[in-house]
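Residues per chain, in single letters:
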Amino acid sequence: MAATEKSTGYGGAGKSTEYGGAGKSTEYGGAMKAAIVEKPGTLVIKQVPVPTIEENEVLIKVKYTGICGTDWSIFTGKYSADKLPLIPGHEFSGVVAKVGAKSRGIKEGDRVTADINMSCGTCFYCRQGQKLMCRDFHQLGIHVNGTYAEYVKAPFDQVHKLPDNLSFMAGAFIEPVSCVIHSSKAAKVTHGSSVAVIGSGLGVLHGLLARLRGAAPVIVIGDNAKRLAIAKEFGVDVTINIKEGKDPVAEVKKLTDGRGADFVVEAVGTPKTYEQAFEMVRPGGTVAAFGICAGDDTIKVRPFDLVLGEKTVVGSCAGVGTDWTDTMALIANGHIKPESMFSMIVPLEELQSALEQLRTDPNLFKVFVSTEISKREILSK
């Protein structure tokens, strides 16, 4: 994704993380604790200045930040290496600590999260309602400083108040759910249609959203027994554990009278699983591309099958706009109950070890980071 290149102020060559508009700035003062990826493979915890906000921004005291796979990619240099040094973190909730003079509808003390996706607002794509295509598109915690810190700043019009019955932890899970909702809207899953989801990470939520849209059967494919069990708790009809030696393409075709699924969601992000997606979707069906591969990855797909099979491909990468308010409505009203996915909370000082543990421990699902605790808190086993 394209992003503006600017300078960090945290030492070392880099780009800027400022994103406020022109106008008077407001100093909050003091220093804060933050996790900074200084270069690929090097993450440090240090004191840095609390962000200065512009008139159209708010300062947020961060409560929780959820660890995302993108954070690992930033840490290893696979993604956003040109933006280092950088404070990563983007799945978050918190409390408004300071409000810029021109910020409206937000006050100090409000419980909030923020849409991380920022754009120019005036280019062709922004005027078409496609801000993710904006050439000045940038994301909090990915291209500009994020939320693995005590404070973060955000444009006021990106900030969402949390419903009263939504916990801070659920508030820090709004961003990933919004991405799934964006994909679900793009795919336009219909009542009674068959849906196969490849992947048991966010794929578990894709399965839930398909069920909420009235699809049947809903099939989730993965290699993690615990996560597949959660998918069943969420009401999906069938789970397929590839560790049991089953061919997922053959299994999906068995479950759909040999046709293949009406809709297939690829939520892993590897060439192999994308090729499987095209094999298991029926003629006339739709593949929803959600998993992010490496930039130079390619797949083998026969154009002949796409044309004669009239297969459709839809892509989606992030939740924007009403995807956020829709997510809050679904969680606040109990249609999505994500708590069974929450594994533990770790102090900011253990961010790197948690990132590494998530790569190897199959029992971990969603891990949150907090600057307000000094030892780990286990939420589920």
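Residues numbered from 1 in each chain as written. Predicted model: local features only at pLDDT ≥ 70, side-chain atom pairs only at ≥ 80, totals over all residues. Heavy atoms only, no water.

Undergrad: For this particular structure, what's the right way to read the overall build of the chain?
TA: Helices and strands together make up the secondary structure of the chain, namely eleven helices and 20 strands. Counting every atom, the chain has about 16400 Å² of accessible surface; 50% of that belongs to carbon and sulfur. A distance of 1 Å separates the average location of the 43 positive side-chain charges in the chain from that of its 42 negative side-chain charges. (Helix = DSSP H or I, 4+ residues; strand = E, 2+ residues; numbered from the N terminus. Areas by Shrake-Rupley, 256 points an atom, 1.4 Å probe, with all protein chains shown as cover. Lys, Arg positive; Asp, Glu negative; His and termini not counted. Charge placed at Lys NZ, Arg CZ, Asp CG, Glu CD.)

Undergrad: Would you mind showing me how to read the state of the cysteines here?
TA: A covalent bond between the sulfur atoms of two cysteines is referred to as a disulfide. Counting across every chain of the model gives zero disulfides. Cys-179 takes part in no disulfide bond, and the closest cysteine sulfur, belonging to Cys-68, lies 7.8 Å away. Judged by relative accessible area, Cys-179 falls into the buried class, the value being 9%. Unpaired in terms of disulfides, Cys-317 finds its nearest cysteine sulfur in Cys-179, a separation of 7.8 Å. (Disulfide = S-S within 2.5 Å. Buried < 20%, exposed > 50% of the residue type's maximum accessible area, 1.4 Å probe, protein only.)

Undergrad: What is the right way to look at unusual backbone geometry in this model?
TA: Outside of glycine, negative phi angles account for most residues, and trans bonds account for most peptide bonds. Cis geometry marks the peptide bond from Leu-84 to Pro-85; its omega dihedral reads 0 degrees. Considering the arrangement of structural elements, one finds Pro-85 in the loop between helix 1 (69-76) and strand 6 (91-99). Here the amide bond leading from Ala-216 into Pro-217 is cis, since omega sits at -5 degrees, within 30 degrees of zero. Looking at the element boundaries, Pro-217 is found in the loop between helix 5 (203-212) and strand 13 (218-222).

Undergrad: Whenever I open this one, the nonpolar core confuses me. Can you help?
TA: A general trend in soluble globular proteins is that nonpolar side chains are found buried together. The biggest cluster of nonpolar side chains holds 53 residues, and the ones touching the most others in it are Leu-166, Val-195, Leu-205 and Met-341. With six residues, the top contributor of residues to this core is helix 4 (residues 174-187). Sequence-distant contacts of Leu-166, defined by excluding residues within four places in its chain, comprise Arg-111, Gly-171, Ile-174, Met-328, Ile-331 and Ala-332. (Core = buried A, V, L, I, M, F, W, Y, C linked by side-chain atoms within 4.5 Å. Contact = heavy atoms within 4.5 Å.)

Undergrad: I keep staring at the packing of helix 4 against helix 10 (residues 322-332) and nothing clicks. Help me out?
TA: Helix-helix packing: each pair is described by the crossing angle between the helix axes and the interaxial distance. It is at 8 Å that the axes of helix 4 and helix 10 come closest, and there the two elements cross at 110 degrees. In terms of orientation, helix 4 lies roughly perpendicular with respect to helix 10. Where helix 4 abuts helix 10, its residues Ile-174, Glu-175, Val-177, Ser-178, Ile-181, His-182 and Lys-185 lie against Thr-322, Asp-323, Trp-324, Asp-326, Thr-327, Met-328, Leu-330 and Ile-331. Of the residues in the contact of helix 4 with helix 10, the class split is seven nonpolar, four polar and four charged. (Axes fitted to C-alpha atoms, helices over the stretch in contact; angles between N-to-C directions. Parallel < 35°, antiparallel > 145°, perpendicular 65-115°, else oblique. Nonpolar A, V, L, I, M, F, W, Y, C, P; charged D, E, K, R; others polar.)

Undergrad: I would appreciate a short explanation of a nonpolar patch on the surface in the present structure.
TA: Taken together, the side chains of Phe-124, Tyr-125 and Met-133 present a nonpolar region at the surface, about 320 Å² in accessible area. Considering the arrangement of structural elements, one finds Phe-124 in helix 2 (residues 124-127). For Phe-124, a relative accessible area of 56% translates into the label exposed. (Patch = residues over 30% accessible without salt bridge, like charges linked within 9 Å, V, L, I, M, F, W, Y side chains within 5 Å. Salt bridge = Lys/Arg side-chain N within 4 Å of Asp/Glu carboxyl O.)

Undergrad: Teacher, can you tell me more about the pattern of salt bridges here?
TA: Pairs can form between side chains of opposite charge once their charged atoms are near each other. A full pass over the atoms with the stated rule returns 18 salt bridges. Between Glu-244 and Lys-246 there is a salt bridge, with its nearest N and O atoms 3.8 Å apart. Residue Lys-246 is classed as partly exposed on the basis of its relative accessible area, which comes to 40%. In this structure, the salt-bridge partner of Asp-305 is Arg-302, at a minimum N-O distance of 2.9 Å. Taking the relative accessible area as the measure of exposure, Asp-305 reaches 30% and is therefore partly exposed. Linked through salt bridges whose partners overlap, the residues forming this network are Lys-61, Lys-63 and Glu-372.

Undergrad: Help me understand the sheet that holds strand 16 (residues 281-289), please; the structure alone is not making it clear to me.
TA: Within a sheet, neighbouring strands are paired by backbone hydrogen bonds and run either parallel or antiparallel to one another. Spatially, 14-13-12-15-16-17 is the arrangement adopted by the six strands of the open sheet, whose pairing is parallel. Unpaired on one side and paired on the other, strand 14 (238-241) and strand 17 (312-315) mark the two borders of the sheet. Averaged over all neighbouring strand pairs, the angle between strand axes comes to 15 degrees, with direction disregarded. As judged from the five bridges shared by strand 15 (residues 261-266) and strand 16, these two strands associate in the parallel manner. Note that in strand 16 the partner of Val-265 across the bridge is Ala-288. Sheet strands in contact with helix 6 (residues 225-233) are strand 13 and strand 14, and its direction is about 175 degrees off that of strand 14. (Pairing = 2+ DSSP bridges.)

Undergrad: Even after reading the chapter, I still don't get the packing of aromatic side chains, so can you show me in this structure?
TA: Where two aromatic rings form a pair, the distance of their centres and the angle of their planes describe that pair. In this structure the tally under the stated criterion is five aromatic pairs. With centroids separated by 5.7 Å and ring planes inclined at 55 degrees, the aromatic side chains of Trp-72 and Phe-75 adopt a geometry described as tilted. Residue Trp-72 and its partner Phe-75 are located together in helix 1, separated by three residues, close to a single helical turn. Using a relative accessible area of 5% as the deciding quantity, one classes Phe-75 as buried. Look at Phe-124 and Tyr-125: their rings are 5.2 Å apart centre to centre, the planes differ by 85 degrees, and that puts the pair in the edge-to-face class. (Phe/Tyr/Trp six-rings, centres within 6.5 Å; stacked < 30°, edge-to-face > 60°.)

Undergrad: Would you explain the confidence of the model for the chain in this entry?
TA: A low pLDDT means the predicted coordinates there should not be read in detail. The predicted model of the chain averages 93 in pLDDT, with 93% of residues at 70 or higher. Note that residues 1-22 has pLDDT below 50 and, in this model, 65 contacts with residues that lie over four places away or in other chains. (pLDDT = per-residue confidence, 0-100.)

Undergrad: Looking at this structure, I do not really get the environment of Ile-181. What am I missing?
TA: Along the polypeptide, Ile-181 turns up in helix 4. Residue classification places Ile-181 among the buried positions, given a relative accessible area of 4%. For the pair Ile-181 and His-160, spaced 21 residues apart in sequence, the C-alpha separation works out to 17 Å. Non-local contacts of Ile-181, meaning those with residues more than four positions away in its chain, are made with Leu-209, Asp-323, Asp-326, Thr-327 and Leu-330.

Undergrad: Sorry if this is basic, but what is going on with helix 1 here?
TA: Along an α-helix, residues three or four apart share an orientation, since each turn contains 3.6 residues. For helix 1, every residue scored as buried is listed here: Asp-71, Ser-73, Ile-74 and Phe-75. Taken together, the buried residues of helix 1 touch strand 2 (31-39), strand 3 (42-49), strand 5 (57-66) and helix 11 (351-358). Backbone geometry just after helix 1 places Gly-77 at a positive phi near 85 degrees.

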